[in-house]
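These are the residues of each chain, in order.
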Amino acid sequence: ALPISQRRAGDERDAQRLAGDERDAQRIAHLPEKFKDAPEFLTVPMSKWDEKMTAAAENDPCDALAILSAIRRRVPGVSYRLLKIIWLLRQPGVCDEFRELSDLDDNGDLRYDAFRGADSLEAVASVFLSDGFLNFEDYSDGGIYVSAFAAECGVHVDVVEVALDAFEADSKATQCTATQATDAIFIKAVRKGVEAARRMGRKRVAIFPYAGIVDGDGRVHKDRYEEKVLSKQLFGRFGRQLVRAAGGDDESMSEKDLIAAVEKKMVVHNRVFMSRRLLTALAMEGGAVYRRAGKGITAVEQDVEGIATALIGGMIETGGLNVAYTGSQAKRFPGRSEVLNDAHFAFRFMRDVAFADAAGGDAAAFEKAYKLVKKLLAKVVFAREERMKQRLAETSVLLLEENGLDVLAKADAETWRLRRECPTYGTIDAGTFARALAAESGRKGGASSAKLVSDFNDPEVAQSPEEEQKAKNILQIDLTQAEKDAHVRACEGGGGVPRGGFSTQDENDAHAVAIVRGKLKKRGFLPQDPVADDNPADALRGDAPGSASDPAASPAGDGAQRFTGKKKDPKSVRGALTFIEMDVPLICSECETKETSRWYGSKADRNKPVCDKCYTWQLAATRGDCAVCERAGAVAGKMRKSRFTVGAWLCGKCWRKEAPADRVCASCPAGVDAVLSWRKSKRIEGAPWLCNPCYLNERTEIITAAGTTCSKCGSNKTSAWRNSPDVPGGKMCKKCWDQDNPAPRRSKKQKK
């Protein structure tokens with residue numbers, strides 16, 4: 001295959017001859033006209049809908065709201081901000097293939113909300129997607145793509161069963177617990193689907209769909225597919241097992257060669273769900289609500305990726321190959337969250353900046369703004385990003401060294417050599433800097449791995465035990481030549497291992513898991529690690545007395561946990577009996593804790609237990625965004641019903657300051673927009689509402705008017721009086737009392 005740069009379209013005329021590009025050009029030309037006819041409820045935030053708008057949304061012939069709600073039930077990370085774009089895609093004649101795929105069944109659910117199968121290999125294409133979704137070769141740019149492996153299973157042990165057994169064995173051999181956990185979910189879903197086919201007594205073809213997004217400049221769908229299929233991710237690992245089980249040669253995993261090798265037992269289908277140019281046009285026309293919430297075009301792309309995942313049934317819970325949660329509001333969880341390196345972050349950040357700068361324009365205005373952003377000075381574009389400023393300083397130092405231009409991407413380095421100049425911290429532009437990060441990401445990992453192996457084979461070099469183990473892990477990786485070539489291309493394109501270098505994908509996964517688990521421990525979702533005896537400075541961080549991990553609560557040799565004080569045996573709290581009768585371990589399926597005040601059935605699967613804290617977050621996630629600040633329920637953590645707007649939900653912060661729009665403080669002109677909390681007056685007739693500062697002033701005046709004086713300082717002004725411990729019947733002001741009785745400040749969590 002030709003390099004990526006040589007496969008790009010030579011000019012716009014060549015690109016426009018592709019079928020997908022021509023069709024998108026026609027659709028984009030009609031988008032402004034279609035958006036002019038948008039009903040009123042699409043132009044107003046959902047939190048401000050009245051009864052008329054709500055009725056209009058529910059009776060909308062396009063069913064945009066019902067479809068988005070069904071999508072969010074499968075992929076909760078998709079934001080309601082995408083409603084206007086879904087409405088447009090559902091318009092007759094705009095995107096007929098999307099309209100057909102998104103039609104709901106009689107129960108109001110997505111059609112592909114379970115394990116998917118077909119009666120034959122020939123029927124897979126029509127079951128997977130309609131004919132309106134075109135192939136990779138019909139487009140000249142990136143965007144959202146969907147792929148699917150399909151293989152025979154059913155009556156006898158066939159391709160899927162053999163591949164699944166081999167995949168399960170490899171999964172158990174890995175050292176990464178997060179990978180094992182997600183693999184187990186996928187294996188369970190596939191076995192359930194295969195067993196259903198076997199009970200039907202006939203041969204079936206199982207379909208394994210996947211949805212993804214193509215990032216970066218100049219990359220197309222085929223590039224990303226080749227990287228994924230040869231990667232160590234679930235998509236690549238299981239795909240290679242299917243090829244081997246079907247009798248194919250996994251030395252070549254290109255779509256053409258793969259089909260030719262195993263066409264009798266297995267097929268692969270690759271389609272473009274939405275091209276980048278159409279996605280950009282939709283974002284520019286219908287993305288105003290994202291801008292108001294401070295979101296960029298990357299949030300729109302993530303939500304469309306979530307829609308694709310939901311419509312094709314791509315999540316591992318239904319036998320798909322999508323592991324990471326998708327959508328702009330996807331929750332962060334070990335092993336199921338996307339981890340961006342600095343290069344990916346830089347490109348996405350520049351696109352978001354261009355999206356904000358091109359507000360009110362079309363797709364052409366965005367592309368013009370994006371080109372301009374890439375030409376701006378990097379120190380200006382990333383002025384508020386501390387991490388990017390640090391990387392910029394590191395890159396500028398390397399540029400000053402001998403052969404410093406090698407830090408840049410190959411094309412940029414050649415350009416600067418011809419100019420006989422070298423960029424500096426103050427002159428390098430944002431595009432050159434981002435491409436340098438992408439190139440450095442691959443070179444750093446490759447050079448580190450090469451040095452480890454070289455030193456391991458050199459008897460005169462003494463390696464540390466950690467370095468020796470890393471070298472052994474590298475040598476044990478059984479890579480085919482095609483995988484090695486794909487790794488080189490990935491490094492050149494900005495992929496590869498992260499800065500600092502990891503030897504294997506398992507180590508990379510373990511590092512990401514450690515970061516997320518550390519944050520969960522810090523927030524109290526997971527128990528703290530036991531404290532070492534020689535670390536008295538951290539003695540207060542140990543487990544609480546009476547907890548399951550407290551040595552005093554579980555005497556040596558006893559074998560049973562003891563729960564004392566406020567700690568309760570998790571087997572005796574409410575909800576535990578349900579799962580004990582089902583023979584389900586009492587371990588939270590979200591945070592893996594074993595202690596809680598109450599057990600609930602997970603919102604995702606009622607047969608899986610979740611602790612009280614995680615259930616609260618799940619419940620909040622089902623209630624949508626806050627009607628005032630539009631913060632997602634999954635982020636806010638707890639949602640409450642509005643006291644003044646029917647059907648609206650508010651986060652705790654907005655609920656506490658909620659008031660009628662016409663409320664004004666009786667002592668000052670402050671309105672609802674400037675007041676954090678309201679109190680009723682105790683002096684003014686009728687007890688009108690006061691803002692918190694005015695209420696505190698009134699309280700001080702009432703206390704002062706009583707004529708009480710402090711027995712210590714003689715003052716008659718204070719915010720509160722305390723009984724004096726020295727003068728019987730005397731009083732002390734709050735200031736003197738606090739000076740005589742200092743107490744450590746406690747957080748709200750400690751007070752609870």
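All of these numbers come straight from a predicted model, not from anything done at the bench.

### Description of the overall build of the protein
Argument step 1. A count of helical and extended segments in the protein gives 32 helices and 12 strands.
Argument step 2. Put simply, the protein has 752 residues, and 44% of those count as buried.
Argument step 3. Here the protein has roughly 40,000 Å² of accessible surface; of this, 51% comes from carbon and sulfur atoms.

### Comments concerning helix H9 (residues 159–173)
Argument step 1. With 15 residues, H9 ought to run about 21 Å at 1.5 Å a step, and its terminal C-alpha atoms sit 22 Å apart, in line with that.
Argument step 2. Of the surrounding elements, those touching the buried residues of H9 are strand S2 (143–153), helix H10 (177–200), strand S3 (204–213) and helix H12 (234–245).

### Some points on the pairing of S2
Argument step 1. Of all 11 residues that make up S2, 11 are buried, and the element is covered over most of its length.
Argument step 2. Where S2 and strand S4 (residues 266–275) come together, nine bridges link them in antiparallel fashion. Counted as the bridge partner of Ala150 is Val267 from S4.
Argument step 3. Relative to S3, S2 runs antiparallel, the two sharing 10 bridges. Considered in S3, the bridge of Ser147 is made with Tyr210.

### Considerations on the packing of aromatic side chains
Argument step 1. Scanning the entire structure with this criterion turns up 17 aromatic pairs.
Argument step 2. Between Phe98 and Phe273, the aromatic rings sit 6.2 Å apart at their centres with planes inclined by 75°, giving edge-to-face as the arrangement. One end of the pair, Phe98, is in helix H7 (residues 96–101); the other, Phe273, is in strand S4, with 175 residues separating them in the sequence.
Argument step 3. Residue classification places Phe98 among the buried positions, given a relative accessible area of 2%.
Argument step 4. Judged by relative accessible area, Phe273 falls into the buried class, the value being 5%.
Argument step 5. Look at Phe208 and Phe238: their rings are 5.0 Å apart centre to centre, the planes differ by 70°, and that puts the pair in the edge-to-face class. Of the two residues, Phe208 is situated in strand S3 and Phe238 in helix H12; the sequence distance between them amounts to 30 residues.

### A word on the environment of Ser102
Argument step 1. By secondary structure assignment, the location of Ser102 is in the loop between H7 and strand S1 (116–118).
Argument step 2. Note on Ser102: relative accessible area 0%, which makes it buried.
Argument step 3. Expressed as a C-alpha distance, the spacing of Ser102 and Ile312, which sit 210 residues apart in the sequence, is 9.5 Å.
Argument step 4. Not counting chain neighbours up to four residues away, the residues in contact with Ser102 comprise Ile67, Arg90 and Leu311.

### Some remarks on the environment of Arg99
Argument step 1. Here Arg99 shows up in helix H7.
Argument step 2. For Arg99, a relative accessible area of 26% corresponds to the partly exposed category.
Argument step 3. Between the C-alpha atom of Arg99 and that of Leu89, which follows or precedes it by 10 residues, the distance is 6.9 Å.

### Details of unusual backbone geometry
Argument step 1. Phi is positive for Arg420, which is not a glycine, with a value near 55°.
Argument step 2. Here Arg420 is to be found in the loop between helix H21 (410–419) and helix H22 (430–457).

### Quick notes on the confidence of the model for the protein
Argument step 1. For the protein, per-residue confidence averages 75 on the pLDDT scale, and residues scoring 70 or more make up 74% of the total.
Argument step 2. Ignoring residues within four places in sequence, the model shows residues 1–16, a span with pLDDT below 50, making 14 contacts including any to other chains.
Argument step 3. In this model residues 476–502 is a low-confidence stretch, pLDDT under 50, and it forms 43 contacts with partners more than four residues away in sequence or in other chains.

### Some thoughts on the packing of helix H14 (residues 276–286) against helix H18 (residues 363–375)
Argument step 1. Two elements in contact, H14 and H18, have axes whose closest approach is 8 Å; the angle formed by their N-to-C orientations is 105°. Classified by the interaxial angle, the pair formed by H14 and H18 is roughly perpendicular. The residues of H18 that touch H14, namely those facing Thr280, Ala281 and Met284, are Ala363, Phe366 and Glu367.
Argument step 2. The residue inventory of the contact of H14 with H18, partitioned by class, reads four nonpolar, one polar and one charged.

### A closer look at the sheet that holds S2
Argument step 1. Ordered by their spatial adjacency, four strands build an open sheet running S1-S3-S2-S4, and the pairing between neighbours is antiparallel. Either end of the sheet is taken by a strand with one partner, and the two such strands are S1 and S4. Within the sheet, the average angular offset between the axes of one strand and its neighbour, ignoring direction, is 30°.

### Concerning the nonpolar core
Nonpolar side chains tend to gather and get buried jointly when the protein is soluble and globular.
Argument step 1. Judged by nonpolar contacts, the single largest core of 95 residues is most densely connected at Ile71, Leu82, Phe273, Ile307, Met350 and Phe382.
Argument step 2. In terms of residues, this core owes the most to one element, helix H16 (residues 297–312), which gives nine residues.
Argument step 3. Residues within four places of Phe382 in sequence aside, it is in contact with Ala346, Phe349, Met350, Met388, Lys389, Ala430 and Phe433.
Argument step 4. In terms of nonpolar packing, the next biggest core, distinct from the first, is built from 35 residues, Ala151, Ala163, Phe186 and Tyr225 among them.

### Thoughts on the pattern of salt bridges
Argument step 1. This structure, assessed with the given rule, holds 21 salt bridges.
Argument step 2. Note that Glu97 is salt-bridged to Arg27, the shortest N-O span being 3.0 Å. Taken together, the positions of Glu97 in helix H7 and Arg27 in helix H3 (residues 19–36) put the pair 70 residues apart, joining distant regions of the chain. Comparing Glu97 with Arg27, the two get one shared label, buried.
Argument step 3. We note a salt bridge from Arg391 to Asp342, for which the minimum N-O separation is 2.5 Å. Residue Arg391 is found in helix H20 (residues 386–399), and its partner Asp342 is found in helix H17 (residues 342–357); the two are separated by 49 residues along the sequence.
Argument step 4. Residue Arg391 is classed as buried on the basis of its relative accessible area, which comes to 4%.
Argument step 5. Exposure remark for Asp342: the relative accessible area of 17% places this residue in the buried category.
Argument step 6. The network of salt bridges with shared partners includes Asp165, Glu168, Lys172 and Arg191.

### Some words on the packing of H9 against H10
Argument step 1. Interaxial distance between H9 and H10 falls to 10 Å at its minimum, and their mutual angle equals 160°. In terms of axis orientation, H9 runs roughly antiparallel to H10. Judged by the twist between their axes, the crossing of H9 over H10 is left-handed. Counting all contacts with H9, which are made through Val160, Glu161, Leu164, Asp165, Phe167, Glu168, Ser171 and Lys172, the residues of H10 involved are Thr179, Gln180, Asp183, Phe186, Ile187, Val190, Arg191, Val194 and Arg198.
Argument step 2. Considered class by class, the residues forming the contact of H9 with H10 number seven nonpolar, three polar and seven charged.

Procedures and definitions
Every chain is numbered independently, its residues counted from 1 as its sequence is written. In keeping with the predicted nature of the model, local features appear solely for residues at pLDDT of at least 70, side-chain atom pairs appear and are counted solely at 80 or more, and the whole-chain, interface and lining totals rest on all residues. Water and hydrogen atoms were dropped before computing side-chain values, which therefore reflect all heavy atoms in the structure. Only runs of H or I of at least four residues qualify as helices and only runs of E of at least two qualify as strands under DSSP, and these elements are numbered from the N terminus. Think of it in three bands: residues with accessible area under 20% of the maximum for their type are buried, residues over 50% are exposed, and the middle band is partly exposed, with areas taken using a 1.4 Å probe on protein chains only. Throughout, the Shrake-Rupley method with a 1.4 Å probe supplies accessible areas, and for residues the shown protein chains are the sole cover considered. By this rule, a helix spans an expected 1.5 Å times one less than how many residues it contains. In what follows, a contact means two residues having at least one pair of non-hydrogen atoms within 4.5 Å. A pair of strands counts as paired when DSSP detects no fewer than two bridges linking them. Stacked, edge-to-face and tilted are the three classes for Phe, Tyr and Trp ring pairs, Trp counted by its six-membered ring, which pair at centre distances within 6.5 Å; planes under 30 degrees apart are stacked, over 60 edge-to-face, the rest tilted. What pLDDT reports is the predictor's confidence in each residue, on a scale of 0 through 100. Each axis is a line fitted through C-alpha atoms, and for a helix only the stretch in contact is used; angles between axes span 0 to 180 degrees, taken between their N-to-C directions. Should an angle lie under 35 degrees it is considered roughly parallel, over 145 roughly antiparallel, and from 65 to 115 roughly perpendicular; all remaining angles are considered oblique. The residue classification treats Ala, Val, Leu, Ile, Met, Phe, Trp, Tyr, Cys and Pro as nonpolar and Asp, Glu, Lys and Arg as charged. All others, Gly included, are polar. What makes a nonpolar core is a set of buried Ala, Val, Leu, Ile, Met, Phe, Trp, Tyr and Cys residues whose side-chain atoms join them at distances within 4.5 Å. By salt bridge we mean one thing: a side-chain nitrogen of Lys or Arg within 4 Å of a carboxyl oxygen of Asp or Glu. Left-handed describes a crossing whose near helix is turned anticlockwise from the far helix by less than a right angle; the clockwise case is right-handed.

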